[in-house]
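Commentary on secondary and tertiary structure
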Amino acid sequence: MHMEKYLILNTLSYPVLSAIMLVPLVGALISLLIKDEQRLKVFGLLVTLVTFVLSLPLFTCFDLHTVKYQFAELRPWFSLLKLNYVVGVDGISVLLVLLTTFIMPFCILCSWRYIAKRLGEFIFVVLVMETAMIGVFISLNTVLFYIFWEAMLIPMFLLIAVWGGARKDYASIKFFLYTLCGSIFLLVAIVALYIKTGTFFIPALMDQEYSFAYQMWIFLACALAFAIKIPMYPVHTWLPAAHVEAPTAGSVILASILLKMGGYGFLRFCLPMAPAATLYCMPYLIALSLISIIFGGYLALGQTDIKKLIAYSSVGHMGFVTLGIFLLNDQGLKGAILQMINHGITTGGLFIMVGMIYERTHSREIADNSALGMIIPIYVTFLGIFCLSSLAFPGTNSFVGEFLVLLGAFKKSAVVGFLAIPGAILAAAYMLRLLQRMVWHDSDGHGHHHDEADSEDHGHALTDLNFREISMVVVLTFFVFWIGLYPTPLLKIMDASVAHLLQQISAGGAVSPVDPHAGHHALLEFGSWFKQIMTF
Amino acid sequence: MDTIITSKILLTSALPMLTALLVMFSGKKPNLRESWSIIGALLTFLSVLNLLPHILAGGAYEFTLATLYPGVNIKFHLDGLGIMFAGTASFLWILAGFYCIGYMRGLDEHAQTRFYVCYAVSVGAAMGAAFAGNLFTLYLFYEIVSIFTYPLVAHHQDSEGYEGARKYIVYLMFTSKAFLLPAMVIIYVQCGTLDFCYTGIVNGIFPEGANKLLVVVSYLLCLFGFAKAGIMPLHNWLPSAMVAPTPVSALLHAVVVVKVGVFSTCRVMLSVFGIQLLQDLNLGIFTAYFVSFTIITASIIALSKSNLKARLAYSTISQLSYIILGVAMLTPNSITGGLVHIANHAFSKITLFFCAGAIFVACGKKDIKEFGGLGYRMPITMIAFGLASLSMIGVPGSAGFVTKWFLALGAMDISSIGLLVVLLASSLLNAGYFVPIFLKAFFGKVAPVDQGLSGSLESKPLIMFMVVPLLITSIISIILGIYPDLFLKIINVMVGA
């Protein structure tokens, strides 16, 4: 069958991709039978850990020298529609799969005390969520992809709507509507592609040539869905609400993995399937990315709620991701993918830290959580590490990602590069502001501190991190520095796939060049003006 | 001589970090804690000394710790410039270690463990910067210095301390993110690497035909990006940072922090751009005149300050620009003068800060107006102050004279009357703000509150912890004027290579 030329079938002793996708689902079903709360938590943790361990061969056995989809499984499904169950990973998705399996145990761990009601359902929902997220990253079939894409919506909605904060109804509905709105366009694109080509197989869809106009429609439909998901200015407004109201685990899933779906979608659908349209739209998306970077950073600067601050910082960080993607060069793409991983670790870590302090003081306001330096030093140390990582301090993971994106940007044009710099400055500003207030003093700057005075201040004694909490943040910290100092293994994994993607774009961009006389004049003129600036 | 590739050179920056850990875990036992601090300082200095012979013979050490991306490594490369800075800073750390004991205990300061930890890490990061083998490593350690000196500046945790520390971190972080980061990226895009040029200071790393505009832009970004060098108009953080305890001002704001800034600026000028390129683009002479403004203006402001630490802060700003001036004139003589001033200024200025702190601990005085008669109650301190002042002014026989001699030679090499005038004028200004302090202490009118008080303030054991180090540094700043050979030799290896 011709599909096999894109695949390297799984040679491990077990079907690794199906296994990591199904283990959480089976675990979710079993969890319904467990009544005892403590056992439920341990069971949930075990399931996520087993999934993580099962996914490790993806890292160790990954073939760096091929652009085919590895560990693939191909089984007939609906023969009528020529629909197969086909899964596989390449250098881009394998990292995101690993990120997902890596982050999920933390979602259980950080809920140990946080979730006070309906624990059984909570574990169920989180595990179903894991299945859906892994499914999205491993599907090589548009139908499968879409099923998982939509399947994520419900557990995430429940996470916010059931275990959320005060304004959970508003936030969950907003999240639901925004995402659904985007996915409808995605569905239209998927159907349109099927009608045109007669296949659902993603690699085959990438190999097709489409007319420029067709590419534009596909690109716009997909890009809207992914731009909402990632989220990009101006469709980002669901994110702060969802983050603030979601429980810690929800925020971690949202920030660490869900947002990455948008970036992944761009890389999997928009760029390879509509290369000419991508090239055409590149300046606009770069502009939107720059706006996201600066706008997100600027709004983060003004927040008094810690979670909101981190949520807006995510908009800025994801702006760097989309910027890197649409620079369409090697450094930009690698930086973008790395930045997705980094953001997953760092922002996940930050949300876990916020959850920890919320469990202690029952407030997420910066003003209520100030001057902690002398009281809970271990907490503050790790908070400092994650904050520094978030502002792309050299030696931490985010620096490498941001540096590569900036490298790509300056390679493209110095103007784009310089326009992205304020984002880096703002990141330093809001993170240091947060750190200064939380560690040193509160906003009204009341003078000299002593331990006794602080305990009175907070009304109750704060306890520093316990073993469970420390073990969580230590693992994340390890990855912060590991990727910060030695990102080579990750860069190597994505190397071949990124090169292949660039080749697809340049080849696709060449065969269907934009015809300047073909109709879209107004857009083109604006575009050429824009391109002149960008190519300085 | 050859370049030796060895992980041995990691030891020098690792030792202070290790010291910090030991200090952290012995926080409950002050004597043990301070011993660690001093032992760590001693070992660090010895580890630098151990590397010296090979460098003096014209060799170098190198080690790559990690690779982030091709051409972006954490890489250490030790040459003459680096070892001079590292040697000076680690030697002064030993003395500062003793001094800290006197100061911190004398004033019964709080959070002393935090203080010693941050102090050690900052020195370690400065060592890392001195040993840096490429721009990224330099940037990494430069930033670590910024972060770990913040708690030191904010040490008192009152609103004045927070305000000063906020200004400090805003200036340093803003400039490094806004200027250094793009500079680094532009340099990488142009050169394909961030490694320094290891084969002398003439040719930088820029390839032929690099975009001139971007070269100039990246140079200016570097010049302003290293705001720790205190070049006006980005100098304001330094006076604000003087709210820190005096040992911090002494070691960090006269030796480590500001010198990391100046060292980085010089390093980038010499090992990234190279004097040939700077000359071709006229950037050298531009920088020389630009920093001349700082030299003169900062001195004039210093004249107007009556708080001793504030006056010293502005004096520091002015003196730092000498170093950059020397390098910017781009002649062998001027570069020698500039670089040797890294060490010369360090010994003299730390003496002055040590004196300011000793006076404050002994009798609580900060303002020069109250210093009348102090010379008789703290004779050793004030004589050391006098010696260090002579070096600052550049009186023959003192360390400062060596600097000014070479700088003047350099100015004549490029036949620039303007810069010569700057040097002379600033020497006069230096005399104008240092001599009155000395005179006041010995011949000034005793303040009404001090009437009738007599007897030495220096006999207390804790004060002795402070007086002995400052005496040593003041004597060294004279010795360096009489036997300037060691540092000149190191620099000749660098400049001549």
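Residues numbered from 1 in each chain as written. Chains lettered and ligands numbered in written order. Predicted model: local features only at pLDDT ≥ 70, side-chain atom pairs only at ≥ 80, totals over all residues. Heavy atoms only, no water.

Some details on the overall build of chain B
When its secondary structure is counted, chain B shows 18 helices and three strands. Dimensions of chain B along its principal axes, counting C-alpha atoms only, are 75 × 55 × 45 Å. Sorting the 497 residues of chain B into buried and exposed places 66% on the buried side. By element, 69% of the accessible surface of chain B is carried by carbon and sulfur atoms, the whole surface being about 15,700 Å². (Helix = DSSP H or I, 4+ residues; strand = E, 2+ residues; numbered from the N terminus. Buried < 20%, exposed > 50% of the residue type's maximum accessible area, 1.4 Å probe, protein only. Areas by Shrake-Rupley, 256 points an atom, 1.4 Å probe, with all protein chains shown as cover.)

Examining helix H3 (residues 80-106) of chain B
Since there are 3.6 residues in each turn of an α-helix, residues three or four apart along the chain are aligned in direction. Residues and elements named next belong to chain B. Taking 1.5 Å per residue as the helical rise, H3 with its 27 residues ought to reach 39 Å, and the 38 Å between its terminal C-alpha atoms agrees with that figure. At Tyr99, H3 shows its largest bend, some 25 degrees. Among the 27 residues that make up H3, 23 are buried, leaving the element largely enclosed by the rest of the structure. Positioned one or two residues after H3, Asp108 has a phi angle of 55 degrees, which is positive. (Expected span 1.5 Å × (residues − 1). Bend = angle between axes of the 7 residues up to and from the residue.)

Quick word on the environment of A:Pro24
Residues and elements named next belong to chain A. Topologically, Pro24 is positioned in helix H1 (residues 16-31). Sequence-wise, Pro24 and Pro240 are 216 residues apart; in three dimensions their C-alpha atoms are separated by 28 Å. Excluding its chain neighbours within four sequence positions, the residues that come into contact with Pro24 are Ala19, Val47, Thr51, Leu127, Glu130 and Thr131. (Contact = heavy atoms within 4.5 Å.)

Considering the domain arrangement of chain B
The parts lose accessible area when they come together, and the size of an interface is often stated as this lost area. Residues and elements named next belong to chain B. Along its sequence, chain B is carved into domain 1 (1-281) and domain 2 (288-497). Inter-centroid distance (C-alpha atoms) of domain 1 to domain 2 is 22 Å. With 58 residues of domain 1 at the contact, the number on the domain 2 side is 52 residues. When domain 1 packs against domain 2, close to 4,600 Å² is buried across both sides, 85% of that on carbon and sulfur atoms. Where domain 1 meets domain 2, there are zero salt bridges. Linking domain 1 with domain 2 are nine residue pairs in polar contact (both at pLDDT 80 or more), by the criterion used here. Counting residues per element, the side of domain 1 that touches domain 2 draws most heavily on helix H9 (residues 246-280), which supplies 19 residues. (Domains from an automatic or database assignment. Buried area = accessible area lost by both parts, 1.4 Å probe. Salt bridge = Lys/Arg side-chain N within 4 Å of Asp/Glu carboxyl O. Polar contact = N/O pair within 3.5 Å; in protein donor to acceptor, adjacent residues only side chain to side chain.)

Here we look at the confidence of the model for chain B
Scored by pLDDT, chain B comes out at a mean of 88, with 98% of its residues at no less than 70. Of all secondary-structure elements in chain B, the lowest mean pLDDT belongs to helix H18 (residues 485-496) of chain B, at 80, while helix H10 (residues 283-304) of chain B reaches the highest, 92. (pLDDT = per-residue confidence, 0-100.)

Details of the sheet that holds strand S3 (residues 72-78) of chain B
All names here are of chain B. With mixed pairing, the three strands of this open sheet are ordered in space as S1-S2-S3. Each having just a single partner strand, strand S1 (3-5) and S3 make up the two edges of the open sheet. The average undirected angle you get between the axes of adjacent strands in this sheet is 30 degrees. The pairing of strand S2 (residues 60-69) with S3 spans seven bridges and is antiparallel. Of the residues in S3, the one forming a bridge with Tyr69 is Val72. (Pairing = 2+ DSSP bridges. Axes fitted to C-alpha atoms, helices over the stretch in contact; angles between N-to-C directions.)

Some thoughts on the packing of helix H1 (residues 10-25) of chain B against helix H4 (residues 112-131) of chain B
Residues and elements named next belong to chain B. Orientation of H1 relative to H4, taken along the N-to-C sense of each, is 170 degrees, at an axis distance of 7 Å. When the axes of H1 and H4 are compared, the pair comes out roughly antiparallel. The segment H1 lies against H4, with Thr12, Ser13, Pro16, Met17, Thr19, Ala20, Val23 and Met24 engaging Thr113, Tyr116, Val117, Ala120, Val121, Val123, Gly124, Ala125, Met127, Gly128 and Phe131. Its residues assigned to classes, the contact of H1 with H4 shows 13 nonpolar, six polar and no charged. (Parallel < 35°, antiparallel > 145°, perpendicular 65-115°, else oblique. Nonpolar A, V, L, I, M, F, W, Y, C, P; charged D, E, K, R; others polar.)

Notes on the packing of helix H12 (residues 306-327) of chain A against helix H13 (residues 330-361) of chain A
Residues and elements named next belong to chain A. It is at 8 Å that the axes of H12 and H13 come closest, and there the two elements cross at 170 degrees. When the interaxial angle is binned, H12 and H13 end up roughly antiparallel. Across the interface between the two elements, Ile306, Lys307, Ile310, Ala311, Ser314, His317, Met318, Phe320, Val321, Gly324, Ile325 and Leu327 of H12 pack against Gly332, Leu333, Ala336, Gln339, Met340, His343, Thr347, Leu350, Phe351 and Val354 of H13. Here the residues of the contact of H12 with H13 are counted per class, giving 14 nonpolar, seven polar and one charged.

Here's the deal with the interface of chain B and chain A
With 40 residues of chain B in contact, the opposing surface of chain A contributes 39 residues. Interface of chain B and chain A: buried area, both sides summed, is about 3,200 Å²; carbon and sulfur atoms make up 79% of it. Broken down residue by residue, the surface that chain B buries against chain A is led by B:Tyr69, B:Tyr162 and B:Lys177, which jointly contribute 21%. In this assembly, chain B and chain A are joined by zero salt bridges. It is helix H6 (residues 159-191) of chain B that contributes the most residues to the side of chain B that touches chain A, 15 residues altogether. Partitioned by chemical class, the residues of the side of chain B that touches chain A number 31 nonpolar, five polar and four charged.

Some details on the pairing of strand S3 (residues 83-89) of chain A
For S3(A), the buried fraction is high: seven of the seven residues fall into the buried class. Once strand S2 (residues 69-78) of chain A ends, the chain turns through four residues before running back antiparallel as S3(A), passing A:Lys82 with a positive phi of about 55 degrees.

Description of the sheet that holds S3(A)
Residue and element names in this part refer to chain A. Read across the sheet, three strands follow the order S1-S2-S3 without closing on themselves; strand pairing throughout is mixed. Of all the strands in the sheet, just strand S1 (7-9) and S3 have a single pairing partner and so form its edges. Averaged over all neighbouring strand pairs, the angle between strand axes comes to 50 degrees, with direction disregarded. Note: S2 against S3, six bridges, orientation antiparallel.

Quick look at H13(A)
End to end, H13(A) covers 46 Å across 32 residues, agreeing with the expected 46 Å (1.5 Å per residue, within 8%). A:His362 occupies a position one or two residues after H13(A) and carries a positive phi of about 55 degrees.

Considering the pairing of S2(A)
Here two bridges tie S1(A) to S2(A), and the two strands are oriented parallel to one another. Within the sheet, the bridge partner assigned to A:Leu9 lies in S2(A) and is A:Ala72.

Quick word on the nonpolar core
A general tendency of soluble globular proteins is for nonpolar side chains to be buried together. Grouped together as the largest cluster of nonpolar side chains are 405 residues, with contacts concentrated most on A:Tyr379 and B:Phe273. Among the elements that line this core, the one with the most residues is H9(B), at 21 residues. When residues of this core are assigned to domains, at least three map to each of domain 1 (1-281) and domain 2 (288-497) of chain B. What A:Tyr379 contacts, discounting residues up to four positions off in sequence, is A:Met353, A:Val354, A:Met356, A:Ile357, A:Leu372, A:Met438, A:Asp464 and A:Leu465. (Core = buried A, V, L, I, M, F, W, Y, C linked by side-chain atoms within 4.5 Å.)

A few points about a nonpolar patch on the surface
Residue and element names in this part refer to chain B. Taken together, the side chains of Ile380, Leu471, Ile475, Ile479, Ile482 and Tyr483 make up a nonpolar region of the molecular surface, amounting to roughly 550 Å² of accessible area. Counting residues per element, the nonpolar patch draws most heavily on helix H17 (residues 461-482), which supplies four residues. Turning to its location among the elements, Tyr483 is positioned in the loop between H17 and H18. (Patch = residues over 30% accessible without salt bridge, like charges linked within 9 Å, V, L, I, M, F, W, Y side chains within 5 Å.)

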